[in-house]
Amino acid sequence: MTERTFSIIKPDATRRNLTGKIIDRLETSGLRIVAQKRMWLSQKQAEGFYAVHKERPFFHDLVKFMTSGPVVVQVLEGANAVAKYREIMGATDPKKANPGTIRKDFAESIEANSVHGSDSAENAAIEIRYFFADTEVVG
């Protein structure tokens, strides 16, 4: 089933010029980028995007990290895109990620783990709408 998912290439990865390497992995795996933009999140944008974590102890550090440099937000499309991208990303903790995954190969730490990906098709739709107008997603 063709579906869409949302991706962020995080500040630790853009700072180290890994955007192209990460995009190559996405496209090589069969995912298509149907929307993409590079941006620097404001504190308000980051707080809104991560509002689900507002009561968690790591919230402020997460917002600070996500506003520390540019990110690349993307809409990915493909067969079972949510599951496929999560497999390509690897476990949140890079020490537990499988060899060959983005996080195993590029993450600096559990916090600076290079990429974000939606955990469900429902959340993907919400996250995509947070950053992209319908006219910006071109299949």
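These figures come from a predicted structure and were not determined experimentally. (Residues numbered from 1 in each chain as written. Predicted model: local features only at pLDDT ≥ 70, side-chain atom pairs only at ≥ 80, totals over all residues. Heavy atoms only, no water.)

K.L.:
Help me understand the packing of aromatic side chains, please; the structure alone is not making it clear to me.
P.N.:
Two descriptors summarise a pair of aromatic rings, namely the distance from one centre to the other and the angle between the planes of the rings. Applying the stated criterion across every chain yields a total of six aromatic pairs. Pairing Phe49 with Tyr130 gives two aromatic rings, centres 5.7 Å apart and planes at 55°, and the pair type is tilted. Taken together, the residues Phe49 in helix α3 (residues 43–49) and Tyr130 in helix α7 (residues 121–131) connect sequence positions 81 residues apart. Of the aromatic side chains, those joined through ring pairs into one cluster are Phe6, Phe49, Tyr50, Tyr130 and Phe131. Above the plane of the ring of Phe132 lies Lys37, whose end atom (NZ or CZ) is 4.8 Å from the centre. (Phe/Tyr/Trp six-rings, centres within 6.5 Å; stacked < 30°, edge-to-face > 60°. Helix = DSSP H or I, 4+ residues; strand = E, 2+ residues; numbered from the N terminus. Lys NZ or Arg CZ within 6 Å of the ring centre and 35° of its normal.)

K.L.:
Would you mind going over the environment of Thr92 with me for this structure?
P.N.:
Positionally, Thr92 belongs in the loop between α5 (81–89) and α6 (102–106). On the accessibility criterion, Thr92 (43% relative accessible area) is partly exposed. Taking the C-alpha atoms as reference, Thr92 lies 8.9 Å from His116; in sequence the two are 24 residues apart. (Buried < 20%, exposed > 50% of the residue type's maximum accessible area, 1.4 Å probe, protein only.)

K.L.:
Looking at this model, I keep getting lost on the side chain of Ser118. Mind explaining?
P.N.:
With respect to the helices and strands, Ser118 occurs in the loop between β4 (115–117) and α7. Overall, Ser118 belongs to the buried group, its relative accessible area being 0%. Not counting residues up to four positions away in its chain, the partners in contact with Ser118 are Thr5, Phe6, Val82, Arg86, Asn123, Ala124 and Glu127. (Contact = heavy atoms within 4.5 Å.)

K.L.:
What's the story with the pattern of salt bridges in this structure? I'm lost.
P.N.:
Where charged atoms from two side chains of opposite charge come close, those side chains can pair. Counting across every chain of the model gives seven salt bridges. Between Glu108 and Arg15 there is a salt bridge, with its nearest N and O atoms 2.9 Å apart. Of this pair, Glu108 sits in the loop between α6 and β4 while Arg15 sits in helix α1 (residues 11–15); the two residues are 93 residues apart in sequence, bridging distant segments of the chain. Overall, Glu108 belongs to the partly exposed group, its relative accessible area being 42%. Between Asp105 and Arg25 there is a salt bridge, with its nearest N and O atoms 2.7 Å apart. Taken together, the positions of Asp105 in helix α6 and Arg25 in helix α2 (residues 19–28) put the pair 80 residues apart, joining distant regions of the chain. Using a relative accessible area of 24% as the deciding quantity, one classes Arg25 as partly exposed. Taken together, the shared-partner salt bridges connect Asp12, Arg15, Arg16 and Glu108 into one network. (Salt bridge = Lys/Arg side-chain N within 4 Å of Asp/Glu carboxyl O.)

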